[in-house]
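Tertiary structure, described
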Amino acid sequence: MPSPSPESPKSDLLQGTLDVLILKIVALRPVHGYAVAQRLQQISRDVLQVQQGSLYPALHRLEKRGWVRAAWAASETGREARFYTLTRDGRRQLEDQRANWTRLSTAVTAVLNTVE
């Protein structure tokens, strides 16, 4: 995967999009918080960089809502970490939010592509 140039602009996440992005990453396989941030950055080609101050409160919020489940396990470095997995309700929420995002982004794109 090519890396962007150092001048590539970073994007701020729209409010509410962090939750759906985390749900998608956790849906791929059980993962700890640091790995969630790494995967988001990697998949977005460094456009999305989530700070710990935003990531961990979001993970706790998703756990409290019953959309992810956390359990302690050894990470790839041998250190204990909380691994997050998607629950059935979380999978349903992911699909609802993905459909909403697709509808919204299609609408915004239509407006932005309007010929003057």
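Structure shown above.
The shown structure was predicted, so the numbers you read here are calculated from the model rather than taken from an experiment. (Residues numbered from 1 in each chain as written. Predicted model: local features only at pLDDT ≥ 70, side-chain atom pairs only at ≥ 80, totals over all residues. Heavy atoms only, no water.)

Below, the discussion takes up the pattern of salt bridges. Tallied over the full model, the rule gives five salt bridges. With its nearest N and O atoms 2.6 Å apart, the salt bridge here joins D19 to R61. On the criterion of sequence distance, the pair formed by D19 in helix α1 (residues 17–28) and R61 in helix α3 (residues 52–64) is long-range, its members being 42 residues apart. On the accessibility criterion, R61 (32% relative accessible area) is partly exposed. A salt bridge links D19 to R65; the shortest N-O distance between them is 3.6 Å. One end of the pair, D19, is in helix α1; the other, R65, is in the loop between α3 and β2 (68–74), with 46 residues separating them in the sequence. (Salt bridge = Lys/Arg side-chain N within 4 Å of Asp/Glu carboxyl O. Helix = DSSP H or I, 4+ residues; strand = E, 2+ residues; numbered from the N terminus. Buried < 20%, exposed > 50% of the residue type's maximum accessible area, 1.4 Å probe, protein only.)

Shape descriptors only; they carry no functional weight alone.
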